[in-house]
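# Breakdown of the fold
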Amino acid sequence: MAVLRADAEGIEVVQPAIPADPGLGDEVALDSISYNGSGGVELSGRAQPQSQVRVYVDNRPVAELGAAADGRWSGRLEDVAPGIYTLRLDEVEPATGAVVSRLETPFKREAPEALPQPGGDATPEQPVPLVQAVTVQKGDTLWAISQQKYGSGFLYVRVFEANRGAIRNPDLIYPGQVFTVPE
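Let us look at the structure shown here. Keep in mind it's a predicted model, so treat the numbers as computed, not measured.

Calculation criteria
- Residues numbered from 1 in each chain as written.
- Predicted model: local features only at pLDDT ≥ 70, side-chain atom pairs only at ≥ 80, totals over all residues.
- Heavy atoms only, no water.
- Pairing = 2+ DSSP bridges.
- Helix = DSSP H or I, 4+ residues; strand = E, 2+ residues; numbered from the N terminus.
- Axes fitted to C-alpha atoms, helices over the stretch in contact; angles between N-to-C directions.
- Phe/Tyr/Trp six-rings, centres within 6.5 Å; stacked < 30°, edge-to-face > 60°.
- Buried < 20%, exposed > 50% of the residue type's maximum accessible area, 1.4 Å probe, protein only.
- Lys NZ or Arg CZ within 6 Å of the ring centre and 35° of its normal.
- Core = buried A, V, L, I, M, F, W, Y, C linked by side-chain atoms within 4.5 Å.
- Contact = heavy atoms within 4.5 Å.
- Salt bridge = Lys/Arg side-chain N within 4 Å of Asp/Glu carboxyl O.

## Regarding the sheet that holds strand E8 (residues 83-92)
- Taken in spatial order, the four strands make up an open sheet running E6-E5-E8-E9, and their pairing is antiparallel. Whereas interior strands pair on both sides, the edge strands pair on one side only; in this sheet they are strand E6 (60-66) and strand E9 (99-109). Between one strand axis and the next, the sheet turns through 20° on average, direction left out of account.
- In this sheet, E8 lies alongside strand E5 (residues 52-57) in antiparallel orientation, the contact comprising six bridges. Following the sheet pairing, valine 55 is matched in E8 by leucine 89.

Have a look at this one:
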């Protein structure tokens, strides 16, 4: 189980989920995508210690981030317009420049006005709602998404109803689809 810590600086993965395949621990990993107070995109993950992680948005290089001695890396993406993209991470060996592992995933950049603003008009009775969305990955089902988000697969109907325009058949969802996850 992954353990996250959220504060004013963003989200930090304190304990990543252990992959089912032990060999996957040697590849670049994306642990979190979040937004800072000004709406900038924050990424964090793991790679081999002291390696470099090149970040691409729709195959356009946008950042190069260094992994620390413990393998953790993080960084910010500037000027990413709202929309759906392919986010690619290449772990690069510093000595040779060779790509040693790669990760690609769909990524939805939320519009800054859709994000809760720090110090906004939230009150204890009316808190600012969080942006809740999930990008479908290979092997995902509505049952598994609702199990993860709500603790019960039977609640997949909530996700289906909230995304009825994007889901024709609840048994057929596809990688790259981005669904709203209601509270």
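## Quick notes on the packing of aromatic side chains
- All chains considered together, the criterion is met by three aromatic pairs.
- Measuring from centroid to centroid gives 6.4 Å for tryptophan 143 and tyrosine 156, while their planes differ by 35°, and the two rings are tilted. On the criterion of sequence distance, the pair formed by tryptophan 143 in helix H1 (residues 142-150) and tyrosine 156 in helix H2 (residues 156-162) is long-range, its members being 13 residues apart.
- Take tyrosine 156: its relative accessible area is 30%, and that puts it in the partly exposed class.
- Counting every residue linked through ring pairs, the aromatic cluster contains Trp143, Phe154 and Tyr156.
- Seen from the ring of tyrosine 56, arginine 88 lies directly overhead, with NZ or CZ sitting 3.8 Å from the centre.
- Directly above the aromatic system of tyrosine 150 lies the positively charged group of arginine 158, at a separation of 4.9 Å from the ring centroid.

## Focus: the nonpolar core
- Ranked by internal contacts, the top residues of the largest apolar core, which has 17 residues, are Leu43, Val55, Trp73, Leu77 and Leu87.
- Going through the elements one at a time, strand E4 (41-46), E5, E6, strand E7 (72-77) and E8 are the ones with two or more residues in this core.
- Non-local contacts of leucine 43, meaning those with residues more than four positions away in its chain, are made with Leu30, Ser32, Ile33, Val55, Trp73, Ser74, Gly75, Leu77 and Leu87.
- Counting 10 residues, the second-largest nonpolar core is a separate cluster that includes Leu142, Ile145, Val159 and Phe179.

## Some details on the environment of phenylalanine 160
- Among the structural elements, phenylalanine 160 can be located in helix H2.
- Other than its neighbours up to four places away in sequence, phenylalanine 160 contacts Leu142, Ile167 and Pro170.

## Quick notes on the pattern of salt bridges
- Counted according to the given criterion, the structure contains eight salt bridges.
- Between aspartate 70 and arginine 72 there is a salt bridge, with the nearest N and O atoms lying 3.5 Å from each other.
- Here aspartate 70 falls in the exposed class, since its relative accessible area comes to 52%.
- In this structure, the salt-bridge partner of arginine 88 is aspartate 90, at a minimum N-O distance of 3.2 Å.
- Among the residues examined, aspartate 90 registers a relative accessible area of 2% and is labelled buried.
- When salt bridges that share partners are traced, they join Glu42, Arg76 and Glu78 into one network.

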